[in-house]
Structures are given as C-alpha cells and as structure tokens.
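# Residue-level structural notes
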Amino acid sequence: MAREIRIEISDEAYAQLQRAAAEKRLPAETYAGQVLDADLTRVRFVEGARSFIGQHAEGFAQRFGDPASRSATAA
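Reference entry: report on the structure contained in this document. (Residues numbered from 1 in each chain as written. Predicted model: local features only at pLDDT ≥ 70, side-chain atom pairs only at ≥ 80, totals over all residues. Heavy atoms only, no water.)

## Describing unusual backbone geometry
- Its identity as a non-glycine residue notwithstanding, Arg-25 has a phi of 60°, on the positive side.
- Considering the arrangement of structural elements, one finds Arg-25 in the loop between α1 (11-24) and α2 (28-64).
- Assessed through its relative accessible area of 76%, Arg-25 is described here as exposed. (Helix = DSSP H or I, 4+ residues; strand = E, 2+ residues; numbered from the N terminus. Buried < 20%, exposed > 50% of the residue type's maximum accessible area, 1.4 Å probe, protein only.)

This is the structure we're talking about:
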C-alpha cells in the first residue's frame, strides 16, 4: 500500500529536484519518492550488513584469518 507524505523544502532544493526529475523524464513528486525509497533501502542494507558482520566476523576471521595477517603474509 502506498502512502502519501507532505514535506516542505526550500525553493532551491525544489528547483534542483525538478532538474533531476526532468533528466529522468519524471514528475518531481515521482522522482522524489524514488529517491527516498532508494535511500531507505540503502539504510536497511547497511544496517543488515553491520548486523551480519557483528554476528559472523569472529567466525570468519577464525576460518580465513583476519585481513591484517593476510596482507602481512602477501607482502
């Protein structure tokens, strides 16, 4: 289900939004929604990656070694 939000931005930011949307041949409102959705998706990905690293970094390092020891042996 799609939701509608209302935000206020400066005239300068809106002009920039319109230019970016025009390059994509989209209405400014549609483009803003896509940008916001992509940014939130990125935030969820980064949070998930950090969680994964926190849960599995020690086991990975035990199995494959940590990057510092691998770069020392590669030199």
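## Description of the packing of aromatic side chains
- Enumeration over the complete set of coordinates arrives at 1 aromatic pair.
- Measuring from ring centre to ring centre gives 4.7 Å for Phe-60 and Phe-64, while their planes differ by 45°; the resulting arrangement is tilted. With a gap of 4 residues between them, Phe-60 and Phe-64 both fall in helix α2, about one helical turn apart. (Phe/Tyr/Trp six-rings, centres within 6.5 Å; stacked < 30°, edge-to-face > 60°.)

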